[in-house]
Each structure stands twice: as C-alpha cells, then as structure tokens.
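Residues per chain, in single letters:
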Amino acid sequence: MSVLPNHLKFAQTHEWVYIDEHGLAVVGITDVAQESLGEMMSITPPGLGNDVSAEEEVMSLESVKSASEIYAPISGEIVEFNEALEDEPELINDEPYDGGWLFKIAPHDIAELEDLMSDGDYQALIDQS
C-alpha cells in the first residue's frame, strides 16, 4: 500500500485533484486506479476548451487490461493536457501523483473541492474494497 499525498482531494471514481499555484485544478488518477488498470498503452486526450461538469466523462485511458473513462472531479474549463502522456502513457503508472497528471481545469467553483474525499476518507474507501 502506498502513502496517499495529503494535499490531494479524491473522487469516488479514483481521480485526484489539487489547486496549483496558478489557481488551476490539476487532475490525475490514483495509484490504486493505475495499478488495477495495468500498463497504460494509449490515451484519448480531453478536448481543450471544453466546459465540463463535476463527474462528467473527460477522457479515456487504454491499458493492457481494459479501457477506462476518466471523470472531472470538479466543474470548469479544460485548459491544459499533459502532452508527455501521448508519447509516454506509462508515466501514469510510474508517477501517478507527479509526472503522470492528466489534465488541468480552470475551476468554476473552488468550493466543489469540499464535496471530495480527504486522503483519510479515500484510504477508508479503498480499504473497504
């Protein structure tokens, strides 16, 4: 079991998010999620400029095991995508909380973060699985 970064908020669908120094929400998937998916093979990037609602499907990941949809943990506009993943999707496996981030959202309402789980709440969720 890995130690969860405590500066992140977590969605029940295994995405994480934090607000960076520019006020953007950085989104990725948890170590638990990447481990269950297996080795990443390719990604379908999100549409830049798309306005998304919390829990809306944004992009998909294709691994050796399956394809998986990725959802927006909060609402906002997709403003950036981690282009390094196009050539190196395995960054999601190697660095799920760092270089393997997926996309950034310009949030509509930062208060939506309060609806997400803390690291302790997320750990309790995965311990129940």
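You'll find the structure just up there.
All figures in this text were calculated on a predicted structure; none of them were measured in a lab. (Residues numbered from 1 in each chain as written. Predicted model: local features only at pLDDT ≥ 70, side-chain atom pairs only at ≥ 80, totals over all residues. Heavy atoms only, no water.)

**Looking at the overall build of the chain**
At step 1: A tally of regular secondary structure across the chain gives four helices and nine strands.
At step 2: Secondary structure elements in the chain, listed N-terminal to C-terminal, are β-β-β-α-β-β-β-β-β-α-α-β-α.
At step 3: Rg of the C-alpha trace for the chain: 13 Å, near the compact-globule value of 14 Å for 129 residues, within the 12% margin.
At step 4: If you line up the chain on its principal axes, its C-alpha atoms span 35 × 30 × 25 Å.
At step 5: Looking at the 129 residues of the chain, the share that counts as buried comes to 47%.
At step 6: A sequence separation of at least 24 residues applies to 61% of the contacts in the chain between residues at least 6 apart.
At step 7: When the accessible area of the chain is evaluated, it comes to approximately 6700 Å², of which 43% is carbon and sulfur surface. (Helix = DSSP H or I, 4+ residues; strand = E, 2+ residues; numbered from the N terminus. Rg over C-alpha atoms; globule rule 2.2 N^0.38 Å. Buried < 20%, exposed > 50% of the residue type's maximum accessible area, 1.4 Å probe, protein only. Contact = heavy atoms within 4.5 Å. Areas by Shrake-Rupley, 256 points an atom, 1.4 Å probe, with all protein chains shown as cover.)

**Quick notes on the pattern of salt bridges**
At step 1: For the coordinates displayed, the defined rule picks out two salt bridges.
At step 2: In this structure, aspartate 20 and lysine 104 form a salt bridge, with 3.6 Å as the shortest nitrogen-oxygen distance. Of the two residues, aspartate 20 sits in the loop between β2 (15-19) and β3 (25-29) while lysine 104 sits in strand β9 (residues 103-107), which places them 84 residues apart along the sequence. As far as burial versus exposure is concerned, aspartate 20 and lysine 104 are alike and both buried.
At step 3: Across the pair lysine 104 and glutamate 80 runs a salt bridge, and its minimum N-O distance is 3.8 Å. With lysine 104 in strand β9 and glutamate 80 in strand β8 (residues 76-81), this pair connects stretches of sequence that are 24 residues apart.
At step 4: Given the relative accessible area of 32%, glutamate 80 is considered partly exposed.
At step 5: In this structure, a network of salt bridges that share partners links the residues Asp20, Glu80 and Lys104. (Salt bridge = Lys/Arg side-chain N within 4 Å of Asp/Glu carboxyl O.)

**Considerations on the sheet that holds β2**
At step 1: Here we have six strands laid out as an open sheet, ordered β1-β2-β3-β9-β8-β5, and antiparallel in their pairing. Edge strands, defined here as strands with exactly one partner in the open sheet, are β1 (9-10) and β5 (51-52).
At step 2: Where β5 and β8 come together, two bridges link them in antiparallel fashion. Within β8, the residue paired with aspartate 51 across the bridge is glutamate 77. (Pairing = 2+ DSSP bridges.)

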